[in-house]
Amino acid sequence: METDRQSRYPQAAWPFDLRVFAAMAALWAMCLVLRAFVHVGEIAVVDPIETILAGMRFDGDAARLVLIVEAGIFGVIAIGVFFRRRWGLLLALCYMVQVVMSHLAFSIAYLPIRSEWINVRVVASEGPMMVLITLYLWIRACDLIFDSPVVPADARARQSSGTSRRAVVRADCGAGDVVTMIE
């Protein structure tokens, strides 16, 4: 069923690579679920699962819960972007900004601890890739999220006539000479 807004204005074309991004997000969600539930090896002494969220490290069952929540977020992102919803792109952008800030917070918090230098090095090496993914999303999604829908020419003609538009421009700019030069 079409809404009133969708029937009036044509939708902007979404790039194909955003659908590829949605497929990758869905695949990543499945990988996170598998990582949370599939135990690798016969390790009974220490639970090897750990993850980082908001700059904090989670181990064991807490890490599993965080991985399941992250998988849910990526699944929702994939659904939203695949079905061309603005909220899907906005959620993806917000989540990627959180990931970048989380990597930065973890690196800063654990840098003074000598035993964590290996983990800090791994997280710091992932940082530029996270920033690039965030910038890619921003570049591809900025027009689709923040631009108003395209208004057809006949609707623009009905909205205001040429003379009323000139009066509004004159009142707004306060420089009548500039407007008369344009006319």
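Please refer to the structure higher up on the page.
Counting restarts for each chain, with residues numbered from 1 along the sequence as it is written. The predicted nature of this model means local features are confined to residues of pLDDT at least 70 and side-chain atom pairs, given and counted, to a pLDDT of 80 or more, with totals for whole chains, interfaces and linings taken over all residues. Side-chain figures throughout are based on the complete set of non-hydrogen atoms in the structure, without hydrogens or water.

**Section: the pairing of strand 2 (residues 56-59)**
Then, number 1: Pairing between two strands is assigned when DSSP locates at least 2 bridges connecting them. By the criteria applied, helices consist of DSSP H or I runs no shorter than four residues and strands consist of E runs no shorter than two, each listed in order from the N terminus. In terms of strand pairing, strand 1 (residues 50-53) meets strand 2 through 4 bridges, oriented antiparallel. For Ile-52, the partnering residue across the bridge sits in strand 2 and is Arg-57.

**Some words on the packing of helix 2 (residues 16-37) against helix 3 (residues 60-82)**
Then, number 1: Viewed as axis vectors pointing N to C, helix 2 and helix 3 meet at an angle of 160°, and their least axial separation amounts to 8 Å. Here helix 2 lies roughly antiparallel to helix 3, going by the angle between them. Classified by chirality, the crossing of helix 3 by helix 2 is left-handed.
Then, number 2: Charged residues are taken to be Asp, Glu, Lys and Arg, nonpolar residues to be Ala, Val, Leu, Ile, Met, Phe, Trp, Tyr, Cys and Pro, and polar residues to be all remaining types, Gly included. When the residues that make up the contact of helix 2 with helix 3 are grouped by side-chain class, the tally is 19 nonpolar, 1 polar and 4 charged. Fitting a line to C-alpha atoms yields each axis, with helices limited to the stretch in contact; the angle taken between N-to-C directions then spans 0 to 180 degrees. Throughout, the term roughly parallel applies to angles under 35 degrees, roughly antiparallel to angles over 145, roughly perpendicular to angles from 65 to 115, and oblique to all others. Helix crossings get a hand from a simple test, with the near helix turned counterclockwise from the far one by less than a right angle marking a left-handed crossing and a clockwise turn marking a right-handed one.

**Quick word on unusual backbone geometry**
Then, number 1: Within the chain, Arg-84 stands out as a residue other than glycine whose phi angle is a positive 60°.
Then, number 2: As for its position among the elements, Arg-84 is in the loop between helix 3 and helix 4 (86-110).
Then, number 3: Relative accessible area decides the class of each residue, using a 1.4 Å probe on protein chains only: under 20% of the type maximum gives buried, over 50% gives exposed, and in between gives partly exposed. Of the residues examined, Arg-84 reaches a relative accessible area of 35% and is grouped as partly exposed.

**Structural notes on the packing of helix 4 against helix 5 (residues 117-146)**
Then, number 1: Two elements in contact, helix 4 and helix 5, have axes whose closest approach is 8 Å; the angle formed by their N-to-C orientations is 155°. Viewed along their axes, helix 4 and helix 5 adopt a mutual orientation that is roughly antiparallel. When you trace helix 4 past helix 5, the crossing you get is left-handed.
Then, number 2: When grouped by side-chain class, the residues that make up the contact of helix 4 with helix 5 number 22 nonpolar, 5 polar and 2 charged.

**Some remarks on a nonpolar patch on the surface**
Then, number 1: A surface patch of nonpolar side chains, amounting to about 790 Å² of accessible area, comprises Leu-90, Met-129, Val-131, Leu-132, Leu-135, Trp-138, Ile-139 and Phe-146.
Then, number 2: At 7 residues, the largest contribution of residues to the nonpolar patch is made by helix 5.
Then, number 3: Topologically, Leu-90 is positioned in helix 4. Residues form patches when they are more than 30% accessible in relative terms and have no salt bridge. Like charges link within 9 Å. Nonpolar side chains (Val, Leu, Ile, Met, Phe, Trp, Tyr) link within 5 Å. Every accessible area reported is derived by Shrake-Rupley at a probe size of 1.4 Å, with residue values counting cover from the shown protein chains alone. Salt bridge, as used here, is a side-chain nitrogen of Lys or Arg placed within 4 Å of a carboxyl oxygen of Asp or Glu.

**Some points on the layout of surface pockets**
Any space left empty among the atoms is revealed by the rolling of a water-sized probe across them.
Then, number 1: The space that makes up the largest pocket amounts to roughly 830 Å³.
Then, number 2: Grid points spaced at 1 Å and placed over the protein atoms alone form the basis of the search, with a cavity being a set where a 1.4 Å probe fits but cannot get out and a pocket an open set showing protein on both sides within 12 Å along at least five of seven lines. Lining residues have an atom within 4 Å of a point. In terms of lining residues, the largest pocket is bounded by 28 residues, among which Trp-28, Val-99, His-103, Glu-126 and Met-130 are the most central.
Then, number 3: Those elements that provide at least two residues to the lining of the largest pocket are helix 2, strand 1, helix 3, helix 4 and helix 5.
Then, number 4: Class assignment for the residues of the lining of the largest pocket results in 18 nonpolar, 5 polar and 5 charged. Grid points are joined across faces, edges and corners, and a volume is the space filled by probe spheres set on the points.

**Looking at the nonpolar core**
Then, number 1: Among buried residues, the Ala, Val, Leu, Ile, Met, Phe, Trp, Tyr and Cys ones that are joined through side-chain atoms within 4.5 Å form a nonpolar core. With 27 residues, the main nonpolar core has Leu-18, Ile-77, Val-81, Leu-89 and Leu-137 as its most contacted residues.
Then, number 2: Those elements that place two or more of their residues in this core are helix 2, helix 3, helix 4 and helix 5.

**Concerning the pattern of salt bridges**
Then, number 1: Taken as a whole, this structure holds 3 salt bridges when the rule is applied.
Then, number 2: In this structure, the salt-bridge partner of Asp-17 is Arg-140, at a minimum N-O distance of 2.9 Å. Here Arg-140 lies in helix 5 and Asp-17 lies in helix 2, a separation of 123 residues in the sequence.
Then, number 3: Arg-64 is the salt-bridge partner of Asp-61, the closest N and O atoms lying 3.6 Å from each other. A residue pair is termed a helical-turn pair when its members lie 3 or 4 positions apart in one helix, as Asp-61 and Arg-64 do in helix 3 at 3 residues.

**With respect to the side chain of Glu-116**
Then, number 1: For Glu-116, the position within the fold is in the loop between helix 4 and helix 5.
Then, number 2: The exposure class assigned to Glu-116 is buried, which follows from its relative accessible area of 13%.
Then, number 3: For the purposes of these results, a polar contact is taken to be a pair of N or O atoms within 3.5 Å, where, inside protein, one atom must be able to donate a hydrogen and its partner to accept one; residues adjacent in sequence count only when each atom of the pair is a side-chain atom. One polar contact links Glu-116 to Asn-119, side chain to side chain, over a distance of 2.8 Å.
Then, number 4: It only takes one pair of heavy atoms within 4.5 Å for two residues to be counted as in contact. If we skip the residues at most four places from it in the chain, Glu-116 touches Arg-57, Phe-106 and Tyr-110.

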